[in-house]
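Here's the letter readout for the chains.
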Amino acid sequence: MPTSPEPSAPGWVRRHRRVLTIIGISVVALLAIAVSAFLWWANDTYPAEPAGLAAVQEDPRVDLDDRGDVVILRPTGEDDGRGLVFLSGAKVDPQAYAVTFQEVAAEGTTVVIVKPFLNLAILERRPLEAFTDLVPEVGSWAVGGHSMGGVKACSYAEPGEADALVLLASYCSGDALASSTDLDVISVSGTQDGLATPAKIDDSLADLPASTTVVRIDGASHAQFGDYGVQPGDGTPTISDDEARESISEALVPFLYPS
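Read on for a plain summary of the structure. Bear in mind the structure is a predicted one, so any value in this text is a computation, not a measurement.

## Comments concerning the nonpolar core
Alright, step 1. By size, the foremost hydrophobic cluster in this structure holds 42 residues, and its most contacted members are Phe-101 and Leu-252.
Alright, step 2. Sort the elements by how many residues they give to this core and helix α7 (residues 241-256) lands first, with seven residues.
Alright, step 3. Setting aside residues up to four positions removed in sequence, Phe-101 forms contacts with Leu-73, Leu-84, Phe-86, Val-111, Leu-168 and Leu-252.
Alright, step 4. Of all hydrophobic cores here, the second largest spans 25 residues; its members include Val-112, Val-135, Trp-141 and Leu-208.

## Describing a nonpolar patch on the surface
Alright, step 1. Judged by side-chain polarity, Val-19, Leu-20 and Ile-23 come together as a nonpolar surface patch covering roughly 260 Å² of accessible area.
Alright, step 2. Here Val-19 shows up in helix α1 (residues 11-43).
Alright, step 3. Judged by its relative accessible area of 44%, Val-19 falls in the partly exposed class.

## Points about the pattern of salt bridges
Alright, step 1. Applying the stated criterion to the full structure yields ten salt bridges.
Alright, step 2. Here Arg-245 makes a salt bridge to Asp-227, at a shortest N to O gap of 2.5 Å. In this pair, Arg-245 sits in helix α7 while Asp-227 sits in the loop between β8 (213-217) and α7, placing the two residues 18 residues apart along the sequence. Pair check on accessibility: Arg-245 and Asp-227 agree, each one buried.
Alright, step 3. In this structure Arg-245 comes out as buried when scored by relative accessible area, which is 13%.
Alright, step 4. Within the structure, one salt-bridge network assembled from shared partners comprises Asp-227, Asp-241, Asp-242 and Arg-245.

## Points about the pairing of strand β6 (residues 164-168)
Alright, step 1. Where burial is concerned, most of β6 is hidden: five out of the five residues are buried.
Alright, step 2. Of the two faces of β6, the one lined by Ala-164, Val-166 and Leu-168 and the one lined by Leu-165 and Leu-167 are each fully buried.
Alright, step 3. Across five bridges, the pairing between strand β5 (residues 140-146) and β6 is parallel. If you follow Gly-145 over to β6, its bridge partner there is Leu-167.
Alright, step 4. As a crossover connection, the stretch from β5 through helix α5 (residues 148-156) into β6 is right-handed.
Alright, step 5. Here β6 pairs with strand β7 (residues 184-190) via five bridges, running parallel. Looking at β7, one finds that Ala-164 is bridged to Asp-184.

## Quick word on α5
Alright, step 1. Taken as a whole, α5 has its buried residues at Gly-149, Gly-150, Lys-152, Ala-153, Cys-154 and Tyr-156.
Alright, step 2. Taken together, the buried residues of α5 touch β3 (82-87), α4 (129-132), β5 and β6.

## Some remarks on the side chain of His-222
Alright, step 1. Inspection of the secondary structure puts His-222 in the loop between β8 and α7.
Alright, step 2. Reaching out from His-222, the side chain makes a polar contact with the side chain of Ser-147 at a distance of 3.0 Å.
Alright, step 3. Once you skip the residues sitting within four places of it in the chain, His-222 turns out to touch His-146, Ser-147, Ala-169, Asp-193, Leu-195, Ala-196, Tyr-228, Gln-231 and Asp-234.

## Describing the packing of aromatic side chains
Alright, step 1. Counting across every chain of the model gives three aromatic pairs.
Alright, step 2. Arranged with centres 5.4 Å apart and planes meeting at 40°, the rings of Tyr-46 and Tyr-228 form a pair that is tilted. One end of the pair, Tyr-46, is in the loop between α1 and α2 (50-57); the other, Tyr-228, is in the loop between β8 and α7, and 182 residues separate them in sequence.
Alright, step 3. With centroids separated by 4.7 Å and ring planes inclined at 65°, the aromatic side chains of Phe-86 and Phe-101 adopt a geometry described as edge-to-face. One end of the pair, Phe-86, is in strand β3; the other, Phe-101, is in the loop between β3 and α3 (102-106), and 15 residues separate them in sequence.
Alright, step 4. Positioned above the aromatic ring of Tyr-156 is the side chain of Lys-152, whose terminal nitrogen or guanidinium carbon lies 5.2 Å from the ring centre.

Quick notes on the rules
Residues numbered from 1 in each chain as written. Predicted model: local features only at pLDDT ≥ 70, side-chain atom pairs only at ≥ 80, totals over all residues. Heavy atoms only, no water. Core = buried A, V, L, I, M, F, W, Y, C linked by side-chain atoms within 4.5 Å. Buried < 20%, exposed > 50% of the residue type's maximum accessible area, 1.4 Å probe, protein only. Helix = DSSP H or I, 4+ residues; strand = E, 2+ residues; numbered from the N terminus. Contact = heavy atoms within 4.5 Å. Patch = residues over 30% accessible without salt bridge, like charges linked within 9 Å, V, L, I, M, F, W, Y side chains within 5 Å. Areas by Shrake-Rupley, 256 points an atom, 1.4 Å probe, with all protein chains shown as cover. Salt bridge = Lys/Arg side-chain N within 4 Å of Asp/Glu carboxyl O. Pairing = 2+ DSSP bridges. Right-handed = clockwise from strand over helix to strand, strands pointing away. Polar contact = N/O pair within 3.5 Å; in protein donor to acceptor, adjacent residues only side chain to side chain. Phe/Tyr/Trp six-rings, centres within 6.5 Å; stacked < 30°, edge-to-face > 60°. Lys NZ or Arg CZ within 6 Å of the ring centre and 35° of its normal.

Here you go:
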């Protein structure tokens with residue numbers, strides 16, 4: 001017996017389906033635009049200033065090895081067996097910190113400067129070993145970071161993972177380290193910082209061990225902890241970049257090389 005054809009859907013059902021299809025396509029398109037815009041923003045980085053980078057590359061005391069996702073700064077002279085894994089601030093090229101750690105490396109410490117995933121340290125998921133294993137001859141490791149990089153560094157500063165924590169214009173997002181007794185910590189900040197402001201740094205000190213070394217560089221801004229030019233929202237420095245770097249080195253060298 002022949003079957004009769006199925007009746008077509010009512011007009012309102014067809015219209016409803018078309019509306020849902022249009023909405024679905026629109027949502028997908030908006031998501032694609034949003035993701036593309038985010039990726040463009042995340043990869044629009046602050047590059048290193050050419051003069052500072054050239055000065056490091058020409059310094060016979062240190063060797064700079066840029067591997068793309070990390071920049072390794074080694075001493076060419078005697079190696080003290082110490083190392084520092086340092087995470088870049090948000091959207092800052094890791095090369096911009098080579099001049100920051102020029103004197104630290106010249107003194108004998110190897111510095112591994114990390115370019116985080118999508119240039120945002122809060123998105124970084126690689127374990128600390130992914131960076132320390134790049135320099136197996138180093139036996140003692142510190143971890144640190146600038147700005148957002150320092151926030152992420154706090155999560156790496158667990159017992160047995162790192163011996164010390166270096167925060168440059170940064171702080172921890174919680175108090176997990178506050179009761180630590182076997183972690184050396186230094187917090188270095190600037191009085192003219194418009195992003196990690198002195199008030200924010202003061203409020204965050206309760207999240208660090210009581211033994212934390214606190215250094216405030218009078219006149220230094222947020223961007224002077226790297227070498228990448230002016231950063232929106234930052235304060236106006238009242239000291240030169242060279243003076244800021246000298247003060248940073250004066251704080252870090254004795255911390256990383258205790259007598």
